[in-house]
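Topology and contacts: notes
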Amino acid sequence: MFRNQYDTDVTTWSPAGRLFQVEYAMEAVKQGSAAIGLRSKTHIVLGCVNKANSELSSHQKKIFKVDDHIGVAIAGLTADGRVLSRYMRNECINYSFTYESPLPVGRLVVQLADKAQVCTQRSWKRPYGVGLLVAGLDESGAHLYYNCPSGNYFEYQAFAIGSRSQAAKTYLERKFENFTDASRDDLVKDALMAIRETLQGETLKSSVCTIAVVGVGEPFHILDQGTVQQMIDAFEIVGEQEGPDAAAGQEASAEPEQGAGAGEGVAPMDI
Amino acid sequence: MPKQQANWSPYDNNGGSCVAIAGADYCVIAADTRMSTGYNILTRDYSKICKLADKCVMASSGFQADVKALQKHLAARHLIYQHQHNKQMSCPAMAQLLSNTLYYKRFFPYYSFNVLGGLDNEGKGCVFTYDAVGSYEKVGYSSQGSGSTLIMPFLDNQLKSPSPLLLPVQDAVTPLAEAEAVDLVKTVFASASERDIYTGDKLEIVVINADGIRREYMDLRKD
């Protein structure tokens, strides 16, 4: 595409009114390995695919505990994600210290978004190259937010980011109406199914994914590999039977998306 | 013109006493629950003991507003440590952190006299005693606060802590059993309450051992 003339600086607009550097940052998110999130009325589950650089190395940490009631899954430049997680943790600690109560998730994501926006309006900075799925519980219930490098943020019932996330999104779109009243375990199963979609053929094992849960009466924590493998084994058998049904369901479904898709002509950051 | 004196002090002394005793596999930390100012009692039911980590508890007497601020500060630092290291802080690590935190305010100190008690990485009991600006030492037992002048000599008599100058080097840890140590603490506070007007009302005892943390209370003189 011939958009190279206006993409040197983040502070340069294109004639079409786009900031290409920010859009390129969103591309970085799409390159990262998949991360998904889904929520019910009382729980939120985050999951991610563990991608290791080589057989010899360990995989990068993509899910971070921010506080007892908030956790985040990232996709994109994991180094940027780590730095933002540290910022989020700090904000939670400072708020707790001053107000003796947990930081409401909605406030945190706004602060995060404002921080990202700063990097889209300074010539000496670059946008953060990471998308964050923020899962949190506060007085107003369970929340799942997606924070973009552009400085936008959206609330979702379920969402997926990173490479091959469209497959997971398609699965989530089919199932999301059941999530609100789903049990915690069903929610985790759906998360594993969604992750399986992104693997496209590869076997789903606990070593390939990481799952984290936060909910009412359950502080944010990452599930251990043993538990995850048990859940995979439990539904793998059922999963085989679901195969033919799923294929038929996909063609019939035409539910409106919760902002998960974007028109081709519209700038990606305007989702 | 004679030198001007301050007509207001940022500090107050809320009184009270704290004690900690280390055992081979346990640690006892105790403090009374009376909070006073001058010759008045503010409340008979205030806890001077704070759990900083899984196996680390601090008891502080002095100016409780500073104590509260210090406790909050350490709790926040502990959270950061857990995020970075994925584990709880050990008692010796917390001891150093407390010392550094106190010295940081060397020129406007926390008016807080602390004893830190808990289990070290090997599960042995440890007690650290501090002054207001962070000077600290690992000991087998200690007391701080308004009753410490009454309590400390008695503990010395009962626990016969060996001098660090003696050879061969002996452990700082007491040979007492857990139940005996708790009993000793109760005796010590009952005695201190008799003569120290700032110590009394109720005694809060916290015991840390391999099974976890246990709390118990005992009534003291209310006069």
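Preceding this section is the structure that the text describes.
Nothing here was measured: the structure is a model prediction, and the numbers come from that model. (Residues numbered from 1 in each chain as written. Chains lettered and ligands numbered in written order. Predicted model: local features only at pLDDT ≥ 70, side-chain atom pairs only at ≥ 80, totals over all residues. Heavy atoms only, no water.)

**Details of helix H1 (residues 64-85) of chain B**
- Along its 22 residues, H1 of chain B runs 31 Å from first to last C-alpha, staying within 8% of the 32 Å computed at 1.5 Å per residue.
- Count one or two residues on from H1 of chain B and you reach Asn 86 of chain B, which has phi positive near 60 degrees. (Helix = DSSP H or I, 4+ residues; strand = E, 2+ residues; numbered from the N terminus. Expected span 1.5 Å × (residues − 1).)

**What about the interface of chain B and chain A?**
- Contacts between the two partners involve six residues from chain B, matched on the other side by seven residues from chain A.
- Buried surface at the junction of chain B and chain A, summed over both partners, amounts to about 710 Å²; 65% is from carbon and sulfur atoms.
- Among the residues of chain B in contact with chain A, Lys 72, Leu 79 and His 83 of chain B are the three that bury the most area, contributing 69% of the side total.
- Connecting chain B to chain A are one salt bridge.
- Ionic pairing is found between Lys 72 of chain B and Glu 100 of chain A, a salt bridge with its closest N-O pair at 3.0 Å.
- Here chain B and chain A share three residue pairs in polar contact (both at pLDDT 80 or more) between them. (Contact = heavy atoms within 4.5 Å. Buried area = accessible area lost by both parts, 1.4 Å probe. Salt bridge = Lys/Arg side-chain N within 4 Å of Asp/Glu carboxyl O. Polar contact = N/O pair within 3.5 Å; in protein donor to acceptor, adjacent residues only side chain to side chain.)

**Brief notes about the sheet that holds strand E11 (residues 202-209) of chain B**
All names here are of chain B.
- The five strands are arranged E10-E1-E2-E11-E12 in an open sheet whose pairing can be described as antiparallel. Edge positions in the open sheet fall to strand E10 (141-145) and strand E12 (212-219), since each of these has one partner strand only. Strand-to-strand twist of the sheet, defined as the mean angle between neighbouring strand axes without regard to direction, takes the value 15 degrees.
- Relative to E10, strand E1 (residues 17-22) is paired through five bridges, and the arrangement is antiparallel. Across the sheet, Val 19 pairs through a bridge with Ser 143, a residue of E10.
- Strand contacts of helix H3 (residues 148-159): E1 and E10, with the helix running at about 170 degrees to E10, the strand carrying the most contacts. (Pairing = 2+ DSSP bridges. Axes fitted to C-alpha atoms, helices over the stretch in contact; angles between N-to-C directions.)

**What to know about the sheet that holds strand E6 (residues 56-62) of chain B**
Residues and elements named next belong to chain B.
- Pairing is antiparallel in the open sheet, where five strands are placed in the order E5-E6-E7-E8-E9. Looking at strand neighbours, the two that pair on one side only are strand E5 (49-53) and strand E9 (136-139), the edges of this open sheet. Across the sheet, the mean angle separating the axes of adjacent strands is 25 degrees when strand polarity is ignored.
- Relative to E9, strand E8 (residues 125-130) runs antiparallel, the two sharing four bridges. Note that in E9 the partner of Tyr 130 across the bridge is Tyr 136.
- Against the sheet, H1 touches E5, E6 and strand E7 (112-119), its axis set at about 160 degrees to E6.
- Contacting E5, E6, E7, E8 and E9, helix H2 (residues 91-104) runs over the sheet at an angle of about 5 degrees to E8.

**Examining the nonpolar core**
Residues and elements named next belong to chain A.
- Ranked by internal contacts, the top residues of the largest apolar core, which has 31 residues, are Leu 192 and Ile 211.
- Contributions of two or more residues to this core are made by strand E1 (35-39), strand E2 (43-49), strand E8 (158-161), helix H4 (165-175), helix H5 (184-199), strand E9 (209-215) and helix H6 (225-252).
- In terms of residues, this core owes the most to one element, H5, which gives eight residues. (Core = buried A, V, L, I, M, F, W, Y, C linked by side-chain atoms within 4.5 Å. Buried < 20%, exposed > 50% of the residue type's maximum accessible area, 1.4 Å probe, protein only.)

**A look at the pattern of salt bridges**
Residue and element names in this part refer to chain B.
- The final tally for this structure, using the stated rule, is 20 salt bridges over all chains.
- A salt bridge links Glu 204 to Arg 215; the nearest nitrogen and oxygen atoms lie 2.4 Å apart. Taken together, the residues Glu 204 in strand E11 and Arg 215 in strand E12 connect sequence positions eleven residues apart.
- With its nearest N and O atoms 2.6 Å apart, the salt bridge here joins Arg 221 to Asp 223.
- Among the charged side chains, a salt-bridge network with shared partners connects Glu 178, Lys 186, Arg 214 and Glu 216.

**Describing the packing of aromatic side chains**
- Scanning all chains against the criterion turns up twelve aromatic pairs over all chains.
- When the centroid spacing of 5.5 Å and the interplanar angle of 85 degrees are considered together, the rings of Tyr 111 of chain B and Phe 113 of chain B count as edge-to-face.
- Taken together through their ring pairs, the aromatic side chains of Tyr 11, Phe 63, Phe 108, Tyr 111 and Phe 113 of chain B make up a single cluster.
- Directly above the aromatic system of Tyr 87 of chain A lies the positively charged group of Lys 115 of chain A, at a separation of 4.5 Å from the ring centroid.
- Sitting over the ring of Phe 108 of chain B, Lys 105 of chain B keeps its end group 4.4 Å from the ring centre. (Phe/Tyr/Trp six-rings, centres within 6.5 Å; stacked < 30°, edge-to-face > 60°. Lys NZ or Arg CZ within 6 Å of the ring centre and 35° of its normal.)

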